Amino acid sequence: MGGTDWVGEVWRSHLSLTAQITLPCLPAQSAATLAKVAGLVETFGSPLTVAEREQLGESLHELILTSFQSGPGARLQVEITPNAPPETGITCNFQTTIAPLPPPSQPTDLDPTVLAWVERCDPGAAIAMIGAGAGHGAIALRQWGYAVEAWEWRGDTPDPAVIQQDQDFLNPLARLTPSRFELAIAPDVVETSLRHPDTLRLLLAKLCDGVVSGGYLLLGLWISAVEVEPAVQEWVQWCGGLIVTQGQLMTLTAGLPIMVIEQRAIALSPALDAIPLPASLKPQIQRQWVMWQRS
């Protein structure tokens with residue numbers, strides 16, 4: 001190696017960088033994340049061996065996957081600092097962060113579809129509201145004489161006079177009182193808590209457990225008329241939503257003691273509008289009320 005080349009290598013070894021970058025935790029983008037991180041390491045540190053690159057890729061993928069599954073808006077934070085002299089090169093530290101859940105919506109009036117199904121219940125019937133927001137709907141139904149049990153799971157301590165439960169309804173230990181409710185309502189649960197279509201089945205199973213035979217389940221869902229590519233579905237989940245197809249809905253409810261009796265379009269959701277989607281897919285997605293009756 002000539003003197004000039006040698007000096008170039010020494011010069012390169014003394015380059016340092018102090019930086020902090022964040023990347024969305026999307027498992028489908030693990031290879032791209034590895035390329036970004038490895039590129040920084042090799043530009044400002046030392047070239048990675050094949051084994052080191054594979055080990056870094058495995059560690060990053062596991063971190064990204066775990067973080068993605070823990071909640072929407074998960075990000076990988078990479079902190080790069082120069083090593084203290086006389087050591088050269090850089091050190092990378094990784095941590096993940098989760099975006100806070102959005103505040104509950106503040107509707108002042110109950111949706112007409114909800115009112116229509118409430119009217120099918122007996123006077124004074126027990127009704128479960130899952131994801132009750134600020135509790136305006138629960139208050140209104142109580143004023144009309146219904147026994148409403150309201151659940152909220154965004155983490156803020158609710159007014160106990162309005163919201164009885166602030167625990168995560170999808171927690172394995174959380175459940176409704178068996179066979180108590182004539183109607184269970186979950187208006188926009190897809191915007192807050194569902195991380196995968198399988199979680200929707202868990203939600204429906206829990207609601208079935210609490211609803212009496214002949215009672216109703218009413219959910220607000222995002223339904224796609226076409227299949228959604230896994231990477232796009234993953235992106236929607238990262239943004240805090242869940243899109244299901246009609247076929248997925250049938251598969252997820254197979255074996256549960258419920259039957260779809262009505263589907264009806266709801267006004268567009270601001271949360272859905274805010275998610276960037278392929279131009280060809282967005283017109284295929286509709287926010288719908290889906291009504292089941294329990295056998």
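Residue positions within a chain follow its written sequence, with the count starting from 1. Thresholds applied to this predicted model are a pLDDT of at least 70 for local features of residues and 80 or more for the giving and counting of side-chain atom pairs; totals over whole chains, interfaces and linings are not thresholded and use all residues. To get the side-chain values, take all heavy atoms of the structure and skip hydrogens and water.

Helix and strand assignments follow DSSP, with helices taken as H or I runs no shorter than four residues and strands as E runs no shorter than two, numbered in order from the N terminus. What the protein chain contains, in helices and strands, is nine helices and ten strands. Each of the 295 residues in the protein chain was classed as buried or not, and the buried ones make up 43%. By the convention used here, residues are in contact when the closest approach between their heavy atoms is within 4.5 Å. Expressed as a percentage of contacts within the protein chain between residues at least 6 apart in sequence, the contacts between residues at least 24 apart total 69%. Surface exposure here means Shrake-Rupley accessible area, sampled with a 1.4 Å probe, where a residue is shielded only by the protein chains that are shown. In the structure as shown, the protein chain presents an accessible area of about 14900 Å², 56% of it carried by carbon and sulfur atoms. Only protein chains enter the calculation, and the probe is 1.4 Å; a residue is then buried if its accessible area is under 20% of its type maximum, exposed if over 50%, and partly exposed in between.

Taken in spatial order, the three strands of this open sheet run β1-β2-β3, and their pairing is antiparallel. With one partner strand each, in any of the chains shown, β1 (19–24) and β3 (90–97) form the two edges of the open sheet. Neighbour-to-neighbour, the strand axes of the sheet open up by a mean angle of 20°, direction not taken into account. A pair of strands counts as paired when DSSP detects no fewer than two bridges linking them. Note: strand β2 (residues 75–82) against β3, eight bridges, orientation antiparallel. Each residue of the ladder has a partner; that of R75, found in β3, is T97. Interaxial angle, 0 to 180 degrees, is taken between N-to-C directions of lines fitted to C-alpha atoms, where a helix line uses only the stretch in contact. On the sheet, helix α2 (residues 30–44) packs against β1, β2 and β3 and is oriented at approximately 155° with respect to β3.

Once that is clear, we can look at the pattern of salt bridges. Close approach of charged atoms allows side chains of opposite charge to pair. Criterion for a salt bridge: a side-chain nitrogen of Lys or Arg within 4 Å of a carboxyl oxygen of Asp or Glu. Going through the model one piece at a time under the given rule, you end up with three salt bridges. Salt-bridge contacts for R180 lead to E149; the nearest nitrogen and oxygen are separated by 3.6 Å. Taken together, the residues span a long stretch of sequence, with R180 in the loop between β5 (147–151) and β6 (181–186) and E149 in strand β5 at a distance of 31 residues. In this structure R180 comes out as partly exposed when scored by relative accessible area, which is 37%. With a relative accessible area of 15%, E149 lands in the buried category. Residues R264 and E262 are paired through a salt bridge, measuring 2.2 Å at the closest nitrogen-oxygen approach.

Moving on: unusual backbone geometry. Residue S179 is not a glycine yet carries a positive backbone phi of 50°. The residue S179 is located in the loop between β5 and β6 in this model.

Further remarks concern the nonpolar core. Residues L200, L207, L219 and W292 are the most contacted members of the largest nonpolar core, which totals 29 residues. Among the buried residues, those of types Ala, Val, Leu, Ile, Met, Phe, Trp, Tyr and Cys that are joined through side-chain atoms within 4.5 Å form a nonpolar core. Ranked by size, the runner-up nonpolar core spans 21 residues in total, among them V114, V118, L183 and I266.

All right, on to the packing of α2 against helix α3 (residues 50–70) then. The contact between α2 and α3 brings their axes to 10 Å, and the two run at 130°. Viewed along their axes, α2 and α3 adopt a mutual orientation that is oblique. For the element pair α2 and α3, the recorded crossing hand is right-handed. Contact residues: α2 offers S30, T33, L34, A35, V37, A38 and E42, while α3 offers R53, L56, G57, L60, H61 and I64. Amino acid classes used here: Ala, Val, Leu, Ile, Met, Phe, Trp, Tyr, Cys and Pro are nonpolar; Asp, Glu, Lys and Arg are charged; the rest, including Gly, are polar. Of the residues that constitute the contact of α2 with α3, the class distribution is seven nonpolar, four polar and two charged. Roughly parallel here means an angle under 35 degrees, roughly antiparallel means over 145, roughly perpendicular means 65 to 115, and every remaining angle is called oblique. The handedness criterion is simple: a crossing whose near helix is rotated anticlockwise from the far helix by less than a right angle is left-handed, and one whose near helix is rotated clockwise is right-handed.

Attention now moves to the side chain of Q77. Relative to the assigned elements, Q77 resides in strand β2. Under the relative-accessibility criterion, Q77 is labelled buried at 15%. Leaving out residues up to four positions away in the same chain, Q77 has contacts with Q20, I21, T22, N93, F94, Q95 and T97.

The next subject is α2. Residue count minus one, scaled by 1.5 Å, sets the expected span of a helix. In a regular helix each residue adds 1.5 Å, so 15 residues correspond to 21 Å; α2 covers 21 Å between its end C-alpha atoms and thus fits that length. Along α2, the positions that sit buried rather than exposed are S30, T33, L34, V37, A38 and V41. In a view along the axis of α2, the buried residues occupy a sector of 120°, so they form one face of it. Set apart from the buried face of α2 by more than 90 degrees, the exposed residues are A31 and K36. Among the structural elements, β1, α3, β2 and β3 are those in contact with the buried residues of α2. The reported arc concerns the directions from the helix axis to the C-beta atoms and nothing else.

With that out of the way, let us pick up the environment of F68. Along the chain, the position of F68 falls in helix α3. Residue classification places F68 among the buried residues on the basis of a relative accessible area of 8%. C-alpha separation for the pair F68 and T97, spaced 29 residues apart in sequence, amounts to 9.9 Å.

Relative to each other, helix α6 (residues 197–210) and helix α8 (residues 246–253) sit at 50°, their axes nearing to 9 Å. With respect to α8, the axis of α6 lies oblique. The handedness of the crossing between α6 and α8 is right-handed. On α8, the residues touching P197, D198, L200, R201 and L204 of α6 are Q248, L249, T251, L252 and T253. Residue classes in the contact of α6 with α8 are distributed as five nonpolar, three polar and two charged.

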